[in-house]
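Observations on chain architecture
Residues per chain are reported as follows:
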Amino acid sequence: QVQLVESGGGEVQAGGSLRLSCGASGSVWTILNRAWYRQTATNQREFVASINDRGRTDYLESLEGRFTISRSVSMNTHYLDSNSLKPEDTAVYYCVVETYTGGLGRRDYWGNGTLVIVSS
């Protein structure tokens, strides 16, 4: 199993920047892909960005250019850097990892979420 802890959320003014971090512990050697999702007060949970075990990144098209996902494999941590934040970016941000083991196959683990509030 993998445990995830997010940090870095908080309140920021529109136009500002923020870095979210997601630290993983447990069976970290099984992690294939890392991602961020978010959930606003009115919308369903949506994909934000992902990075695979080869460093290939993918983004929600509307966020590309403002959000950057990165990772530190040695520190078992992945990050989400955001800039030019807008009030509509206000959401609970969740980190997610996808693991693979021979016994369980592919499995997703979610953090508890960190709240980001962008004030106008």
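Remember, it's a predicted structure, so these values are computed and weren't measured experimentally.

1. Looking at the pattern of salt bridges
Under the definition given, this model contains five salt bridges. Across the pair Arg 19 and Asp 81 runs a salt bridge whose closest N-O atoms are separated by 2.8 Å. Here Asp 81 lies in strand S8 (residues 77–82) and Arg 19 lies in strand S3 (residues 18–26), a separation of 62 residues in the sequence.

2. Focus on the state of the cysteines
Taken as a whole and judged by the stated rule, the model has one disulfide. Paired through a disulfide, Cys 22 and Cys 95 show a sulfur-sulfur distance of 2.1 Å. Between Cys 22 and Cys 95, the S-S dihedral sits near 55°, and the bridge is therefore right-handed. Note that Cys 22 is positioned in strand S3 and Cys 95 in strand S9 (residues 91–101), a separation of 73 residues in sequence.

3. Observations concerning the sheet that holds strand S1 (residues 2–7)
Spatially, the four strands line up as an open sheet ordered S1-S3-S8-S7, and their pairing is antiparallel. At either margin of the open sheet sits one strand with a lone partner, and together these are S1 and strand S7 (67–72). In this sheet, adjacent strand axes meet at a mean angle of 20° when their direction is disregarded. The pairing of S1 with S3 spans six bridges and is antiparallel. When the sheet's bridge partners are listed, Leu 4 is paired in S3 with Ala 24.

Cut-off values and rules
Residues numbered from 1 in each chain as written. Predicted model: local features only at pLDDT ≥ 70, side-chain atom pairs only at ≥ 80, totals over all residues. Heavy atoms only, no water. Salt bridge = Lys/Arg side-chain N within 4 Å of Asp/Glu carboxyl O. Helix = DSSP H or I, 4+ residues; strand = E, 2+ residues; numbered from the N terminus. Disulfide = S-S within 2.5 Å. Pairing = 2+ DSSP bridges. Axes fitted to C-alpha atoms, helices over the stretch in contact; angles between N-to-C directions.

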